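# Survey of secondary and tertiary structure
Residues per chain, in single letters:
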Amino acid sequence: MKTAFSVSVIFSLMSASYLIWPPATSEARWGPDGHEILARAAVLGLPSTMPAFFREAIDQLVYLNFEPDRWRDFRESSLDPALGGGHGPDHYLNLEIIPPGALQSDDRHDFVDVAGDGPAVGVLPFRMLEMFQRVRLGFRLWREEEDVQVRGWIEQRIVNDAGILGHYVADAANPLHATLHFDGWVGDNPAGYATDGGIHRRFESDYVRARLTLDDVVGLMNRPPRIWENPRQEIRSHIEESFEWVEPLYRIDRDLPFSENLDSETHRRFTADRLAEGALALRDAWWSAWATSAP
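Summary of the structure given here. (Residues numbered from 1 in each chain as written. Predicted model: local features only at pLDDT ≥ 70, side-chain atom pairs only at ≥ 80, totals over all residues. Heavy atoms only, no water.)

### Some thoughts on the overall build of the protein chain
What the protein chain contains, in helices and strands, is 17 helices and zero strands. Out of the 295 residues in the protein chain, the part that is buried amounts to 53%. Across the protein chain, every contact between residues at least 6 apart in sequence was considered, and the portion connecting residues at least 24 apart equals 78%. When the accessible area of the protein chain is evaluated, it comes to approximately 13,100 Å², of which 52% is carbon and sulfur surface. (Helix = DSSP H or I, 4+ residues; strand = E, 2+ residues; numbered from the N terminus. Buried < 20%, exposed > 50% of the residue type's maximum accessible area, 1.4 Å probe, protein only. Contact = heavy atoms within 4.5 Å. Areas by Shrake-Rupley, 256 points an atom, 1.4 Å probe, with all protein chains shown as cover.)

Have a look at this one:
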């Protein structure tokens, strides 16, 4: 992992407003195509012993994977910024400026107390853990409920929460959601990485939409399902593993920028690998929520 920056150094490199990732009008996120591909691959990878109602909700789970980005609709934000701005830090974690030990906090509120500035650092791992626990709780209630109608209501709750969880697991698979260099390199830049504020969109939206398919991702999902024994640590590891690909992503883009017209096996495989890693993590999160909900 790269050497950590101090918060004071970061604020000397950019304005505080630039640290609030992303701007209200930004399109810097996996586009609908990436979210949908990843979610469909995750459902297709589930064990057959996952409850049938869940596996049969594949189209709904795919649709919901993009849902938290719909909450940032600029038309709604122009009327009142509360929804989009309030959920903004849920989508990222700037690992370079996380104080030592902060991620051991019990919840997002304790974390912000330690980290000092929620919008500056992001709260992605806590949002993921919160949604994971909601899905697991839903499965536990479903197991215990005897009333058929109530079980149906719980099923709806589980699918909705699982779909929303999927969004944040997908976000965490994108290296640009784990770094303060989320849309252009910040500060010292001896390697000559892009600083233009467009790498995020051309990587995860434009390129994915034009060049990636479900088959590209499913073909790379070669790990069997496994149960998360420690969900908190699994979530942290998922984000930290993604962070390790920040500089490789910038190097690939420096040598040949991502674009929808680019025909490159290097770029295709890198992007497909990240989507597949996200799909594997999401499949395991859903499977773990079910498997560990048993009495």
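The discussion continues.
### A closer look at the nonpolar core
Nonpolar side chains in soluble globular proteins tend to be buried together. By size, the foremost hydrophobic cluster in this structure holds 81 residues, and its most contacted members are Phe-54, Phe-111, Phe-139, Ile-239 and Trp-286. Residue contributions to this core peak at 13 residues, all from helix α17 (residues 265-291). Leave out the neighbours within four places in its chain, and Phe-111 touches Leu-93, Ile-98, Ala-102, Leu-103, Ser-105, Val-121, Gly-122, Val-123 and Phe-126. (Core = buried A, V, L, I, M, F, W, Y, C linked by side-chain atoms within 4.5 Å.)

### Topic: the packing of helix α13 (residues 199-211) against α17
A pair of packed helices is captured by two measures, namely the crossing angle of their axes and the spacing between those axes. For the pair α13 and α17, the least separation of the axes is 11 Å and the interaxial angle reads 105°. Classified by the angle their axes make, α13 and α17 are roughly perpendicular. Where α13 abuts α17, its residues Phe-203, Tyr-207, Val-208 and Arg-211 lie against His-267, Arg-268, Phe-270, Thr-271 and Leu-275. Classifying every residue of the contact of α13 with α17 by side-chain character gives five nonpolar, two polar and two charged. (Axes fitted to C-alpha atoms, helices over the stretch in contact; angles between N-to-C directions. Parallel < 35°, antiparallel > 145°, perpendicular 65-115°, else oblique. Nonpolar A, V, L, I, M, F, W, Y, C, P; charged D, E, K, R; others polar.)

### Here we look at the pattern of salt bridges
Inspection of the entire model under this criterion finds 23 salt bridges. Across the pair Arg-134 and Asp-161 runs a salt bridge, and its minimum N-O distance is 3.0 Å. Placement of Arg-134 in helix α11 (residues 124-144) and of Asp-161 in helix α12 (residues 148-173) is noted, with a sequence separation of 27 residues between them. Residue classification places Arg-134 among the partly exposed residues on the basis of a relative accessible area of 40%. Accessibility expressed as a relative area gives 4% for Asp-161, which makes it buried. Taking the shortest distance from any N to any O, the salt bridge between Arg-223 and Glu-277 comes out at 3.2 Å. With a gap of 54 residues between them, Arg-223 in the loop between α14 (214-218) and α15 (231-243) and Glu-277 in helix α17 connect regions that are remote in the sequence. Residues joined in a network through salt bridges with shared partners are Asp-90, Arg-108, Arg-127 and Glu-130. (Salt bridge = Lys/Arg side-chain N within 4 Å of Asp/Glu carboxyl O.)

### Notes on empty space enclosed by the protein
Inspection of the entire model under this criterion finds one cavity of 30 Å³ or more. Taken as a whole, the largest cavity encloses approximately 70 Å³ of empty space. As for the largest cavity, its lining consists of Leu-103, Pro-125, Phe-126, Leu-129, Arg-232, Ile-235 and Arg-236. Counting residues per element, the ones that place at least two in the lining of the largest cavity are α11 and α15. The residue inventory of the lining of the largest cavity, partitioned by class, reads five nonpolar, no polar and two charged. (1 Å grid on protein atoms, 1.4 Å probe; cavity = no way out; pocket = protein on both sides within 12 Å on 5 of 7 lines; lining within 4 Å. Points joined across faces, edges and corners; volume = space filled by probe spheres on them.)

### Re helix α3 (residues 32-44)
Its 13 residues place the ends of α3 18 Å apart at the C-alpha level, agreeing with the 18 Å of an ideal helix rising 1.5 Å per residue. Every buried residue of α3 is listed here: Gly-34, His-35, Ile-37, Leu-38, Ala-39, Ala-41, Ala-42 and Val-43. (Expected span 1.5 Å × (residues − 1).)

### Brief notes about the packing of helix α16 (residues 246-255) against α17
Between α16 and α17, the least distance of the axes is 11 Å, while the angle of their chain directions is 155°. With respect to their mutual orientation, α16 and α17 come out roughly antiparallel. As α16 packs across α17, the resulting crossing turns out to be left-handed. Taking contact as the criterion, the partners of Pro-248, Leu-249 and Ile-252 in α16 are, on α17, Thr-266, His-267 and Phe-270. Residue composition of the contact of α16 with α17, grouped by class: four nonpolar, two polar and no charged. (Left-handed = near helix turned anticlockwise from the far one by under 90°.)

### What to know about the packing of aromatic side chains
Enumeration over the complete set of coordinates arrives at 16 aromatic pairs. Between Tyr-193 and Tyr-250, the ring centres sit 5.7 Å apart and the planes meet at 50°, which makes this aromatic pair tilted. With a gap of 57 residues between them, Tyr-193 in the loop between α12 and α13 and Tyr-250 in helix α16 connect regions that are remote in the sequence. Take Tyr-193: its relative accessible area is 6%, and that puts it in the buried class. The class for Tyr-250 is buried, based on a relative accessible area of 0%. Among the aromatic residues, those joined into a ring-pair cluster are Phe-53, Phe-54, Phe-139, Trp-142, Trp-286 and Trp-290. (Phe/Tyr/Trp six-rings, centres within 6.5 Å; stacked < 30°, edge-to-face > 60°.)

### Overview of α15
For α15, spanning 13 residues, the distance from its first C-alpha to its last is 18 Å, which sits close to the expected 18 Å at 1.5 Å a residue. Taken together, the buried positions of α15 are Pro-231, Glu-234, Ile-235, His-238, Ile-239, Ser-242 and Phe-243. Its buried side turned inward, α15 meets α11, α12, α16 and α17.

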